Amino acid sequence: MLNIAITGGGPVGLTLARLLLQSSTSTSVNITIYEKDASRTSRTSFGGTLDLHPETGLAAIKQMNVWDEFLKYARFEGEELRICDLNGTVYVHQTEAPQLKGFQARPEIDRVRLMQVLLESVPNELIRWGKALKEVVREDDQWKLKFDDGSVAGPFDLIVGADGAWSKVRKALTDVEPSYAGICGVAGSIDKESAGDTWDLISGMVGKGSNFCFSYGQSMMAQRLGDGNLKCSFYAQRERGWVDDLKANHTGDDDALKRILLENYQEWDNDFKQWIVAAKELWSAPLFELPVGQRFDHKGEITLIGDAAHLMTPFAGEGVNAGMRDALDLVGAIEKSVTEKTDLDLAVQAWEESMFERSAVFMADTMVNKLGMFAQDAPYSFFAAMIGVFARANGYDVKQGWMSWLPVTKTAYAFVWAIGTCGVVRRHVIDIFRGQQQRFPVWDKR
Ligand SMILES: Cc1cc2nc3c(=O)[nH]c(=O)nc-3n(C[C@H](O)[C@H](O)[C@H](O)COP(=O)(O)OP(=O)(O)OC[C@H]3O[C@@H](n4cnc5c(N)ncnc54)[C@H](O)[C@@H]3O)c2cc1C
């Protein structure tokens, strides 16, 4: 019997547990999940919405045999997407998933619903709630788990660290810690009550899916949730101290925080500023990331998956997808090793190599998006960079072969810049007709 410990019962840890239970070796494995949350119901907020991708998150969902449950909450219409700039110029309005090669359907699901589906798929008795891991220690040539409550568990045939961004398991494998990604901001929610008269306007701007708007190092993003309300965020490229200042000025008072935000977004179109005015339950947080191509030493009987292995910013929507793919492939490696009676450690080591390779691509794409979205000449830089990502998804490399002779990126940049410039003129004309030249007309009205 293989004794496997999973630290962290987040989406990736639960996916791994469910896949092991579904595998042909389910009768040969003993699984224990150690989760720091006190109980299944102790967490009150799970955040926003996630889109699952065909080759990664969706592939895992299908293999887990929870497809029908997933479909109850999946929102294919949630793929509606607008990409705008601060003047309200719409560069992209995708009303449904483009069925291009490499861009198949990526349905949205509320994180809380995904967690519900996953938690219901794993027997509760496998989860040790309220077990916050303190450290992983090596005793008598074996790894053991030490918890905050003083208890110790182990040894195990395999410890899988799925304990997220600030993984305690990672410390046993590498000294590298996540660093500040240069982006911080405020997130919150918007509903009919908080938006009042502006609900129809804001809701219309977001549609059934998302509106991502970024310009000159700042962003405003809003996404539709399953209950019809909106999740919003206001991120910017700033020194890390900016968030501390916001927190210091915030002191639990949303209005104070909103005033600071409005000052930071004073150049933005009034319709977008309404998002700030309508937002509620604001919280601020800096974003962290591991270096692109992050690896860790191979040490027997212990490994990492999900954010613990490859934390990245959310700007390519790959985090949970990459983690679920880790789980899918790791279970394949364990299954093969058990069936063929080969060394589990060698199987895990080989899996780690493939995981490093795959996650390096996700991390690099995420970095390209982050730099493009928050560059001082965004959104032009973002679209220019996206041409390369789009080409690669369709089997081309703009930096190699005949494509490297064409000014693909520069042409894309010039094209988007021309659209943006027309948008500036349009906004000036509208502002003149509306007479909206004062700084915070929306705020002042309230
Ligand atoms: C604002 C934001 C938006 C995002 N949007 C997207 C998106 O659209 N698409 C996408 O793919 N990804 C997105 N992500 C990333 C995604 O949330 C993560 O990649 C994903 O949650 C990783 O799952 P995980 O299970 O590895 O880690 P986590 O979700 O962090 O889960 C870790 C689990 O381990 C537990 N834990 C932590 N420490 C300990 C400990 N010491 N002992 C025991 N248990 C512990 C935690 O309680 C938690 O249950 C976003 C992230 C952020 C911050």
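Analysis parameters
- Residues numbered from 1 in each chain as written.
- Predicted model: local features only at pLDDT ≥ 70, side-chain atom pairs only at ≥ 80, totals over all residues.
- Heavy atoms only, no water.
- Helix = DSSP H or I, 4+ residues; strand = E, 2+ residues; numbered from the N terminus.
- Rg over C-alpha atoms; globule rule 2.2 N^0.38 Å.
- Contact = heavy atoms within 4.5 Å.
- Areas by Shrake-Rupley, 256 points an atom, 1.4 Å probe, with all protein chains shown as cover.
- Lys, Arg positive; Asp, Glu negative; His and termini not counted.
- Charge placed at Lys NZ, Arg CZ, Asp CG, Glu CD.
- Core = buried A, V, L, I, M, F, W, Y, C linked by side-chain atoms within 4.5 Å.
- Buried < 20%, exposed > 50% of the residue type's maximum accessible area, 1.4 Å probe, protein only.
- Near = heavy atom within 4 Å.
- Polar contact = N/O pair within 3.5 Å; in protein donor to acceptor, adjacent residues only side chain to side chain.
- Nonpolar A, V, L, I, M, F, W, Y, C, P; charged D, E, K, R; others polar.
- Expected span 1.5 Å × (residues − 1).

Visitor: I keep staring at the overall build of the protein chain and nothing clicks. Help me out?
Guide: What the protein chain contains, in helices and strands, is 15 helices and 17 strands. Over its C-alpha trace the protein chain gives a radius of gyration of 23 Å, about what one expects of a compact globule, namely 22 Å for 446 residues. Overall, the protein chain is about 75 × 55 × 40 Å in size when its C-alpha atoms are taken along their principal axes. For the protein chain, long-range pairs separated by at least 24 residues make up 75% of all intrachain contacts whose partners lie at least 6 apart in sequence. When the accessible surface of the protein chain is totalled, it reaches about 20,300 Å², and 52% of it is carbon and sulfur. Positive and negative charge centroids in the protein chain, built from 48 and 60 side chains respectively, lie 2 Å apart.

Visitor: Just to check I follow, could you spell out the nonpolar core for this structure?
Guide: Counting residues in hydrophobic clusters, the biggest one holds 65 residues, and the most contacted among them are Ile4, Leu16, Leu52, Val136, Leu145 and Ile305. Looking at this core, the element that brings in the most residues is helix α11 (residues 319-339), giving eight residues. Those residues in contact with Leu16 that lie beyond four places of it in its chain are Ile6, Val160, Ile305, Ala327, Leu330 and Val331. Residues Cys184, Ala236, Val243 and Tyr265 belong to the second largest nonpolar core, which totals 33 residues.

Visitor: What should I look at first to understand the environment of Gly161 in this one?
Guide: The topology assignment puts Gly161 in strand β11 (residues 158-161). Relative accessible area serves as the criterion here: at 0%, Gly161 is assigned to the buried category. Taking the C-alpha atoms as reference points, Gly161 and Gln94, 67 residues apart in sequence, are found 38 Å from one another. Ignoring sequence-local partners within four residues, the contact set of Gly161 consists of Thr7, Val169, Thr303, Leu304, Ile305 and Ala308.

Visitor: Explain the site of the ligand here, please?
Guide: Near the ligand, the surroundings consist of 29 residues, among which Glu35, Arg111, Leu133, Asp307 and Val320 are the closest. Arg111 places a side-chain nitrogen or oxygen 2.5 Å from an oxygen atom of the ligand. Elements with a minimum of two residues in the shell around the ligand: α1 (11-22), β3 (49-51) and α11. Ranked by residues supplied to the shell around the ligand, first place goes to α11 with three residues. When its residues are assigned to classes, the shell around the ligand shows 10 nonpolar, nine polar and 10 charged.

Visitor: So what exactly am I meant to see when it comes to α1 here?
Guide: Because the α-helix completes a turn every 3.6 residues, residues three or four places apart line up on one side. Over its 12 residues, α1 runs 16 Å from end to end, which matches the ideal 16 Å to within 8%, given 1.5 Å per residue. Of all the residues in α1, the buried ones are Pro11, Val12, Gly13, Leu14, Thr15, Leu16, Ala17, Arg18, Leu19 and Leu20.

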